[in-house]
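# Descriptive structure summary
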Amino acid sequence: MTGGAHGGGTRRDPPAPPSAGGRGRACAVPSAAPRVCSRRGCSSHVPPGAPPLLFVPPPPADAPARRVLIAARYGPRPPLLQRLPGGALPGGLRPGAPLPALRTPGGALLAGPGPAAIFLSPPALLGGGDPPRAALVRQWVAFAESELAPAAALLQGGGREVTGGAGGELRRALRALESHLRDRTFLVGDGVTLADVTVTCALLPPFQHVLDAAARAPFPSVTRWFLTCVGQPHFRAVLGDVGLCGEESPAPRVELGPAGRDAVGQDAVGRDAVGQDAVGQDAVGQDAVGRDAVGQDAVGRDATPPAKSAAQLKKEAKRKEKLEKFQQKQEKSREQQAKAKAPKKERRDPGVLTYDLPTPPGEKKDVSVPLPESYSPQYVEAAWYSWWERQGFFKPEYGRSSVAEPNPRGVFMMCVPPPNVTGSLHLGHALTSAIQDSLARWHRMRGATTLWNPGCDHAGIATQVVVERRLWRQRGLTRHQLGREDFLREVWRWKDEKGDRIYQQLRRLGASMDWDRACFTMDPKMCRAVREAFVRLHESGLIYRSTRLVHWSCALNSAISDIEVDKKELGGRTLLRVPGYKTPIEFGVLVAFAYPLEGDGEGEEQEVVVATTRLETMLGDVAVAVHPDDPRYQHLRGRRVRHPFTGRSLPVLHDAFVDPSFGTGAVKITPAHDATDFEVGQRHGLPRPSVIGEDGRLVNVPPPFLGLPRFTGRAAVLEALKQRGLFRGVTENPHGGPHLQVGAGGPPWVAVGWP
């Protein structure tokens, strides 16, 4: 393109201004940029070789130029300055664009202090070519422009009160600065950067006019850093001597020089240009800062601010009225806080107060001394219980000659549910004991003959297990190695230790029990009572001896209660560790195998396939059962199958207990080792051969299975079925089915007992 504001000639692209972080990407310069003009007095151009031209508004609007001038001081060539008349803009800058503005030697016009400061800063001020440091510089510059500067401006315009929304925003920003500067001298690195320049200039008004010593007290690191920065020579050259609010110091001095002169006394060049075709530039393309100086045709002229409307004036008057009321309210609040307040009495932690008077056990507590100021259970409860016991308050004979003496108010007797001697009392015991104690004391207060009898339970199997474990841990012995009599003495020693602890806990709870009548379920008198009750119940026919299926523990060599058996639901194939076996054992699967049918049947299957979760028990099978309505097995009525290992002839039963949908619909019957099969055997009169002994080994079975451990025998049976061609597969049993008796360590077992 040819032609221009000052005649012909070709336009050329100006050199791109540098950017932060080692002068990264170039700013957006249109292809047709204004030519460099040599005419003196043109504010739209800078003569070739001349320094940049900085346009600043008249005071006090020239404050944003401070950081530009400080940044320029660190560079090799300070800019020339030109002060603009009020409301005037340099040629090429659109109305409303921020000042100061910088005309670069290449002809680009940068609007706002941010782009101008970046353009004039040397590389060291922008991060020294290190990308991480340059990013931190940009981050702090953005923080100052977006958070610090707006809060400081609002605070400065609203009076000298660090309150309200602006005060809160400023305090939050200062807390962030305090945390960052606690162990640092400058914001980024070991020297001044553009981050320090920008943040310092943003904090200059509040630190000079609003934040007094009390307001600055929470931010010592920020105050130290601020004074370090404003004391730097380049800062002092622009700002002068900076004093803090509340201190005797000269006011800040911003030396921008007279209109048309630069800060170092050079002649300024450039005046407002009329009719100049100016193209704006992107503000150096910075991430953190930068204004968009959009290219447009601009005419330089003095712009007069438009007159405010009546609505705007009314709105400003209301805002001013609200601000005055707010300031009055804050002043009143300060006056109230300034009034002297009576010092609060410091509360002293009394600690744990105890009763230290020398009261012998059984003697009444000395209540003549004053009580402590705060409640102490240790103090209140001390020395009372032993006196209650000695006085016999808890005995049913208290207040009468004997317990047999008739009492017109009645008799109330209660036995404590005996806690197990294997442990100590817990919160549940404390709750029930408190309720029972309330009942006993209430009946005693009514005058009834009252007895609350204490005691504890032997917890046979549980106590045996605990004592055996302690015996093995301490002495490396089993109960069989120790002998019956010595083992019983160990159990009684355990009872004396744990039982006494339980009784002392009940005493600490204040339980009003007659301790002379304390009972242990294995005491001789209790054993005599149990035997007497047992004999009477047997003679009356209420209890009898019979063969029943029980849970047998191979480890304890004893039948144990159902409630002492841990049952684990299995969701499918699971490998579990079993004591006595080196490798994990597979559970949660159904093993299918075939029983050959006896006799011939034309066109019929010559076998019955059954499925089981405990394959080793098939050695004790005495029958096969199917559902009477299952159409698959109607041809098996009256038929029998042959056991492949024992040679026994097993009947095929039709019983409704069979679930046709489970497994193959045909089940094996082992009455000696399954509770359901035991009931089926009773209904059909089947024998009950046991194939697992007390020690968990296979018994009453043919070789090679005789004497094998239970789970070893399981693997042996599976291998033998495969060799005979009777194995039909393994499927998972994810629906649980039979449970694994983890605690028992053995399957159900037929034994003679007392149901």
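Residues numbered from 1 in each chain as written. Predicted model: local features only at pLDDT ≥ 70, side-chain atom pairs only at ≥ 80, totals over all residues. Heavy atoms only, no water.

When you go through the chain residue by residue, the secondary structure sums to 19 helices and 22 strands. For the chain, buried positions account for 42% of its 755 residues. For the chain, contacts bridging at least 24 residues in sequence account for 69% of all contacts bridging at least 6. (Helix = DSSP H or I, 4+ residues; strand = E, 2+ residues; numbered from the N terminus. Buried < 20%, exposed > 50% of the residue type's maximum accessible area, 1.4 Å probe, protein only. Contact = heavy atoms within 4.5 Å.)

On to the environment of R216, then. By secondary structure assignment, the location of R216 is in helix α7 (residues 213–216). Exposure remark for R216: the relative accessible area of 8% places this residue in the buried category. For the pair R216 and R171, spaced 45 residues apart in the sequence, the C-alpha separation amounts to 9.9 Å. With residues near it in sequence (within four places) discarded, R216 still touches F207, L211, T223, L244, C245 and E247.

Here the focus is the packing of aromatic side chains. Inspection of every chain in the model, using the stated rule, returns 15 aromatic pairs. Here the aromatic rings of Y581 and F711 are separated by 5.3 Å at their centres, their planes lie at 75 degrees, and the arrangement is edge-to-face. Placement of the pair is Y581 in the loop between β12 (574–576) and β13 (585–587) and F711 in helix α19 (residues 710–723), with a sequence separation of 130 residues. The buried category is assigned to F711, whose relative accessible area is 9%. When the centroid spacing of 5.6 Å and the interplanar angle of 80 degrees are considered together, the rings of F587 and F711 count as edge-to-face. With F587 in strand β13 and F711 in helix α19, this pair connects stretches of sequence that are 124 residues apart. Grouped by ring-pair contacts, the aromatic residues W384, W387, F393 and Y398 constitute a single cluster. Over the face of the ring belonging to Y379 we find K365, whose NZ or CZ atom lies 5.0 Å from the ring centre. Positioned above the aromatic ring of W388, the side-chain terminus of R441 is 5.2 Å from the ring centre. (Phe/Tyr/Trp six-rings, centres within 6.5 Å; stacked < 30°, edge-to-face > 60°. Lys NZ or Arg CZ within 6 Å of the ring centre and 35° of its normal.)

If you trace the 4 strands from one edge of the open sheet to the other, you get β2-β1-β3-β4, paired in mixed fashion. This sheet does not close on itself; its edge strands, each paired only once, are β2 (80–83) and β4 (109–111). Neighbour-to-neighbour, the strand axes of the sheet open up by a mean angle of 20 degrees, direction not taken into account. One ladder, built from 3 bridges, connects strand β3 (residues 101–103) with β4; its direction is antiparallel. Bridge pairing in β4 places R103 opposite L109. (Pairing = 2+ DSSP bridges. Axes fitted to C-alpha atoms, helices over the stretch in contact; angles between N-to-C directions.)

Strand order across the open sheet formed by 4 strands is β17-β18-β16-β19, with mixed pairing between neighbours. With one partner strand each, in any of the chains shown, β17 (640–642) and β19 (666–669) form the two edges of the open sheet. The mean inter-strand angle of the sheet, taken between neighbouring strand axes irrespective of direction, is 30 degrees. In this sheet, strand β18 (residues 649–654) lies alongside β17 in antiparallel orientation, the contact comprising 3 bridges. Its bridge partner lying in β18, R640 is registered against P651.

Residue P100 is reached from L99 by a cis peptide bond, and omega for that bond is 5 degrees. Along the polypeptide, P100 turns up in the loop between β2 and β3. Residues P703 and P704 are joined by a peptide bond in cis, for which omega reads 5 degrees. By the secondary structure assignment, P704 is in the loop between α18 (675–684) and α19. We note that N700 has phi near 55 degrees; this positive angle belongs to a residue other than glycine. If you trace the backbone, N700 turns up in the loop between α18 and α19.

This brings us to the packing of helix α2 (residues 65–73) against helix α6 (residues 194–209). Pairs of packed helices are described in terms of their axes, by the angle between the two and the distance that separates them. It is at 9 Å that the axes of α2 and α6 come closest, and there the two elements cross at 150 degrees. As judged from the angle between their axes, α2 and α6 are roughly antiparallel. Between α2 and α6 lies a crossing of right-handed hand. Contact residues: R66, R67, I70 and A71 in α2; L194, V197, T198, C201 and L204 in α6. For the contact of α2 with α6, the class distribution of residues is 6 nonpolar, 1 polar and 2 charged. (Parallel < 35°, antiparallel > 145°, perpendicular 65-115°, else oblique. Left-handed = near helix turned anticlockwise from the far one by under 90°. Nonpolar A, V, L, I, M, F, W, Y, C, P; charged D, E, K, R; others polar.)

This next bit is on the nonpolar core. Membership of the largest hydrophobic core comes to 57 residues, with the highest contact counts inside it found for L148, L177, L194 and L203. Among the secondary structure elements, those contributing two or more residues to this core are β1 (53–56), α2, α3 (113–120), α4 (131–157), α5 (164–181), α6, α8 (220–230) and α9 (233–239). Per-element accounting of this core gives the leading share, 9 residues, to α6. Ignoring any residue separated from it by four or fewer positions in sequence, one finds L148 in contact with F143, L170, A173, L177, V199, A202 and L203. Grouped together as the second largest cluster of nonpolar side chains are 28 residues, V591, F593, V626 and I692 included. (Core = buried A, V, L, I, M, F, W, Y, C linked by side-chain atoms within 4.5 Å.)

Relative to each other, helix α14 (residues 460–475) and helix α16 (residues 484–508) sit at 105 degrees, their axes nearing to 10 Å. Classified by the angle between their axes, α14 and α16 sit roughly perpendicular to one another. Of the residues in α16, those touching α14 at T463, Q464, V466, V467, E468, R470, L471 and R475 are F487, E490, V491, W494 and E497. Looking at the contact of α14 with α16, its residues break down into 6 nonpolar, 2 polar and 5 charged.

Right, let's talk about helix α13 (residues 427–445) for a bit. The end-to-end C-alpha separation of α13 is 27 Å, in line with the 27 Å expected for 19 residues at 1.5 Å each. Where α13 is buried, its residues contact β5 (411–415), β6 (449–453) and α16. (Expected span 1.5 Å × (residues − 1).)

A surface patch of nonpolar side chains, about 290 Å² in accessible area, is lined by L431, I435 and L439. Judged by relative accessible area, which is 49%, I435 ranks as partly exposed. (Patch = residues over 30% accessible without salt bridge, like charges linked within 9 Å, V, L, I, M, F, W, Y side chains within 5 Å. Areas by Shrake-Rupley, 256 points an atom, 1.4 Å probe, with all protein chains shown as cover. Salt bridge = Lys/Arg side-chain N within 4 Å of Asp/Glu carboxyl O.)

Let's shift gears to the side chain of T198. Following the sequence through the fold, T198 ends up in helix α6. According to the relative accessible area criterion, T198 is buried, its value standing at 3%. The contacts of T198, once residues within four sequence positions are left out, are R67, V141 and A144.

The next thing to look at is the pattern of salt bridges. In this structure the tally under the stated criterion is 25 salt bridges. When the shortest N-O distance is used, the salt bridge between E586 and R573 registers 2.3 Å. Of this pair, E586 sits in strand β13 while R573 sits in the loop between β11 (567–568) and β12, and the two are 13 residues apart along the sequence. With a closest N to O distance of 2.8 Å, R728 and E607 form a salt bridge.

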